[in-house]
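Listed here are the chains, written in short residue letters.
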Amino acid sequence: MAIGFLTVQARTAQEAVPLSGVQVSILDALGSRIYEMTTDENGEVQAVPLETLDRSFSQNQYFSGTPFISYSLLAQADGFDTLYISDIPIFEGETAVVPLALMPMQSLQRTPYQTEIHVGGPAVAMPGPRSQEGPAEQMYVLRQVVIPNRITVHLGKPDAYAQNVQVSFPDYVKNAASSEIYPTWPEAALRANIYAIITFALNRIYTEWYRSRGYSFDITNSTAYDQYFVYGRPIYGSISRIVDEIFNEYVRRKGQNAPYFTSFCNGTTSTCQGLSQWGTVTLADRGYTPLQILRSYYPKDIEIAQTEIITGVLSSYPGAPLQQGSTGLDVQTIQTYLNRIRRNYPAIPAITDKTGTFGSSTKAAVKKFQSVFNLTPDGIVGKATWYKISSLYTAVTKLADLNSEGETLGIGTVPPASVLRQGSRGQDVITLQYLLNVAAEFYPGIPSPAQDGIFGSGTKQAVTAFQRMMQLTPDGIVGPMTWEALYQVYQGIEQNVPQGGTIRYVVQAGDSLWLIAQRYNTTVDTLMKLNGLTSDLLNIGQVLKVPSPQSYIQYTVQAGDSLWLIAQKYNTTVNAVKSLNGLTSDLLNIGQVLRIPRN
């Protein structure tokens, strides 16, 4: 019997927060539990082997059966709603990575709800016709081809009442490709299909095909109109690797900038004027390159172009890989980003190299980052690694900024009494927009409004999406029920999502509070206070809050030091240092070890 693999990644807030302690069960077609696993500090479990069919069946367009074996998955975690994913296809030699986007429970919610996702076979196996409509080649709206930081996908036909979800563009392409074709196909066929998928999506964005018609999304998941997409589905390793390499490359005609309208169909039960998905396999087997395959279906003068304009990325890729021995500002940028990311992902080792010098510790940090995020773990910062580090840095710093802003705003526990609607202005609108922005980090169906104190159309759109999620009347008016729901969601996130420099740790056999404290450079007393423990007895599987190793650094007091001088040196405050160390006075002793907050 052939073998495929499955693993999970439990993360939230656009991957900014890994979720440890998630209980994962893998079930067969009869519902019997095959594996029971628990996610680690990175929100991961080890890939497990599963029986499936020989990969040759999924490479043969004339095979009439199902060329894979399906399994289901149940994910449960304290403080989060349960997730059940059914009919997950497993292919020989492929690793299916399941993104567990768990939703935090609301503050007054007593028991978890269960979300169910059905995956099923890819669109290439579906018999339905495809009638994708696209613009004329010369049509354009935007001046430049831009990779959006997040693309909004409508989970239904354009006019259907359905949820919108927002995902990063590379993640969208990985999902669409995993939903459209078999991951076992030859490399050239996979690349040709992925180029078509990327270009199709960019064409919808570039021409504003749906937004110009008054819709609040960029593309649908209806195969009759666009390309398939199953939110929460597994992503296959072969597809993920290619997308990371080419996600900002697209098909265009020579002399034109616009992405070509790359329509496609399976070429067997459904035929069309565009690319034949099964036909790409035949051509790849004949030795065709991806571009030769594409030119077999689209105009002969098409070419592969690249755009470096990626919204939401702080620093553009320098154009050449960074590796051990590299020096300069770009190396410093990567070191800064990784050191910040390490606060949320403590498995990434500390960088001790000189700032701006790519030494052995920088390489070790890069390799671990690549391993955690399914990139080739070669310790070299190429395009895929650069953009993944940059996007994750953006996510973790945005979340930290939101947390800090919440303290400044003084959200409190009692909602405002005002009734807000489009046209409202003022402090309560700022509070509303802040709450919606926080919710948008954890619930992909909620768009992030601009936080300007003006209740405009963008804020109304976010309010309406939130009301639909909470099964309230979607009228875009914020009254008592909507305010109460916003506060319950916000307080639930505060209560259930690891924040403030802590991570979740699952107690293993042989653990003790002393051993855990030593591992995470903290004290038994700190662990007991953080977790409300009255004794040092632990149970296997118990979930503890542990201070993140990178939420602070250690400093040994020298002669002439004062709290003010130390705070100035590390760009923090005296009160922050005193609070972190439990100090009641400003007196220091030479040799005393202090914890200094990291910025």
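Refer to the structure above for everything that follows.
It should be emphasised that the depicted structure is a prediction, and the values quoted were computed from it without experimental measurement.

So, how was this worked out
Within any chain, residue numbers begin from 1 and follow the written order of that chain's sequence. Restriction of local features to residues with pLDDT of at least 70 applies here, the model being predicted, together with a cutoff of 80 or more for giving and counting side-chain atom pairs; totals for whole chains, interfaces and linings are based on all residues. The basis for every side-chain value is the complete set of heavy atoms in the structure, and neither hydrogens nor water enter the calculation. Only DSSP runs of H or I reaching four residues or more are called helices, and only runs of E reaching two or more are called strands; each is numbered from the N terminus. C-alpha atoms define the radius of gyration in this analysis, and the globule rule sets the expected value at 2.2 Å times the number of residues to the power 0.38. Summary of the burial criterion: residues with accessible area below 20% of their type's maximum are buried, those above 50% are exposed, and those between are partly exposed, where the area comes from a 1.4 Å probe applied to protein chains only. Residues are treated as being in contact if the distance between any of their heavy atoms lies within 4.5 Å. All accessible areas in this document rest on Shrake-Rupley with a 1.4 Å probe, and a residue is counted as covered only by the protein chains that are shown. In this tally Asp and Glu are treated as negative and Lys and Arg as positive; neither His nor the chain ends contributes. To locate a charge, take atom NZ for lysine, CZ for arginine, CG for aspartate or CD for glutamate. When the sulfur atoms of two cysteines come within 2.5 Å, that pair is taken as a disulfide. In these notes, a set of buried Ala, Val, Leu, Ile, Met, Phe, Trp, Tyr and Cys residues joined through side-chain atoms within 4.5 Å is what counts as a nonpolar core. A pair of strands is considered paired only if DSSP assigns at least 2 bridges between the two. Working definition: a ring pair exists when centres of Phe, Tyr or Trp rings (six-membered ring for Trp) sit within 6.5 Å. Plane angles under 30 degrees give stacked, over 60 give edge-to-face, the rest tilted. The rule is short: NZ of Lys or CZ of Arg within 6 Å of the ring centre and within 35 degrees of the ring normal puts a charge over the ring. The term salt bridge refers to a pairing of a side-chain nitrogen on Lys or Arg with a carboxyl oxygen on Asp or Glu at a separation within 4 Å. Only C-alpha atoms enter the line fits that serve as axes; for helices the fit covers just the stretch in contact. Angles between N-to-C directions range over 0 to 180 degrees. Roughly parallel covers angles under 35 degrees, roughly antiparallel covers those over 145, roughly perpendicular covers 65 to 115, and oblique covers all other angles. By convention the crossing between two helices is left-handed if the near helix lies anticlockwise of the far one by an angle smaller than a right angle, and right-handed if it lies clockwise. Throughout this entry, Asp, Glu, Lys and Arg are counted as charged residues, while Ala, Val, Leu, Ile, Met, Phe, Trp, Tyr, Cys and Pro are counted as nonpolar. The remaining residues, Gly among them, count as polar. In this analysis, the expected span of each helix is defined as 1.5 Å times one less than the number of residues it contains.

Caption draft 1: Geometry of the overall build of the chain. A tally of regular secondary structure across the chain gives 15 helices and 21 strands. In summary, the chain has a C-alpha radius of gyration of 25 Å against a globular reference of 25 Å for 599 residues, a match within 12%. For the chain, the C-alpha atoms occupy an extent of roughly 80 × 55 × 55 Å along the three principal directions. Looking at the chain as a whole, 53% of its 599 residues are labelled buried. Sequence separation of 24 or more characterises 67% of the internal contacts of the chain that already satisfy a separation of 6 or more. Within the structure as shown, the chain displays about 25,900 Å² of accessible surface, and the carbon and sulfur contribution to it stands at 49%. Each charge sign in the chain was given a centre, from 43 positive and 47 negative side chains, and these centres are 4 Å apart.

Caption draft 2: Region of interest: the state of the cysteines. Counted by the stated rule, this structure contains 1 disulfide. Covalently, Cys265 is tied to Cys272 through a disulfide, its sulfur atoms 2.3 Å apart. Given an S-S torsion of about -95 degrees, the disulfide between Cys265 and Cys272 has left-handed geometry. Judged by relative accessible area, which is 2%, Cys265 ranks as buried. Given a relative accessible area of 31%, Cys272 falls into the partly exposed group.

Caption draft 3: Structural context of the nonpolar core. In terms of nonpolar packing, the biggest core is built from 145 residues, with Leu73, Leu100 and Tyr172 touching the most fellow members. Ranked by the residues each element gives to this core, the list is headed by helix H2 (residues 187-206), at 14 residues. In this structure Leu100 touches Val8, Gln9, Ala10, Arg11, Val22, Val24, Leu73, Ala75, Leu83 and Ile85, once residues within four positions along its chain are discounted. Counting residues in each nonpolar core, the second largest holds 11 residues, with Val507, Ile516, Ala517 and Leu544 among its members.

Caption draft 4: Spatial organisation of the pairing of strand S4 (residues 33-38). The sheet contact formed by strand S3 (residues 23-27) and S4 spans 5 bridges and is antiparallel. Opposite Gln23, over in S4, you have Thr38 as the bridge partner. Hairpin connection, S3 to S4: the antiparallel pair is bridged by 5 residues, and Gly31 has positive phi, about 90 degrees.

Caption draft 5: Examining the packing of aromatic side chains more closely. Enumeration according to the criterion identifies 22 aromatic pairs in this entry. Centroid distance Tyr210 to Tyr215: 5.9 Å. Interplanar angle 75 degrees. Geometry classified as edge-to-face. Following the ring pairs from residue to residue traces out a cluster consisting of Phe68, Phe91, Tyr182, Trp185, Tyr236 and Trp278. Above the plane of the ring of Phe373 lies Arg11, whose end atom (NZ or CZ) is 4.7 Å from the centre. Positioned above the aromatic ring of Trp209 is the side chain of Arg213, whose terminal nitrogen or guanidinium carbon lies 3.9 Å from the ring centre.

Caption draft 6: Region of the structure containing the pattern of salt bridges. A full pass over the atoms with the stated rule returns 15 salt bridges. In this structure, Glu249 and Lys383 form a salt bridge, with 3.4 Å as the shortest nitrogen-oxygen distance. Residue Glu249 is located in strand S14 (residues 249-253), and its partner Lys383 is located in helix H8 (residues 383-409); the two are separated by 134 residues in the primary sequence. The buried category is assigned to Glu249, whose relative accessible area is 14%. When salt bridges that share partners are traced, they join Arg11, Glu15, Glu44 and Lys388 into one network.

Caption draft 7: Spatial organisation of the pairing of strand S6 (residues 69-76). Counting buried residues along S6, 6 of its 8 residues qualify, which places the element largely inside the surrounding structure. Where S3 lies against S6, 5 bridges are found, and the strand directions are antiparallel. Each bridged residue has a counterpart across the sheet, and for Gln23 the counterpart in S6 is Gln76. In this sheet, strand S7 (residues 82-90) lies alongside S6 in antiparallel orientation, the contact comprising 6 bridges. Opposite Ser70, over in S7, you have Pro89 as the bridge partner.

Caption draft 8: Inspection of the packing of helix H1 (residues 169-180) against helix H3 (residues 237-246) at higher detail. It is at 9 Å that the axes of H1 and H3 come closest, and there the two elements cross at 140 degrees. Here H3 runs oblique to H1, going by the angle between their axes. Here H1 and H3 pass one another in a crossing that is right-handed. Contacts between H1 and H3 involve Pro170, Val173, Lys174, Ala177 and Ser178 from the first element and Ile239, Ser240, Val243 and Asp244 from the second. Looking at the contact of H1 with H3 residue by residue, the classes come out as 5 nonpolar, 2 polar and 2 charged.

Caption draft 9: Inspection of the side chain of Ser72 at higher detail. Relative to the helices and strands, Ser72 resides in strand S6. Of the residues examined, Ser72 reaches a relative accessible area of 11% and is grouped as buried. In contact with Ser72, not counting residues within four places along its chain, are Ser25, Ile26, Leu27, Tyr84, Ile85, Ser86, Asp87 and Ile88.

Caption draft 10: How the structure looks around helix H11 (residues 480-496). The terminal C-alpha atoms of H11, which comprises 17 residues, lie 24 Å apart, in line with the 24 Å expected from a rise of 1.5 Å per residue. Judged by how many residues are buried, H11 sits mostly within the fold: 12 of 17 residues are covered. Listed in full, the buried residues belonging to H11 are Thr482, Trp483, Ala485, Leu486, Tyr487, Gln488, Val489, Tyr490, Gln491, Gly492, Ile493 and Asn496.

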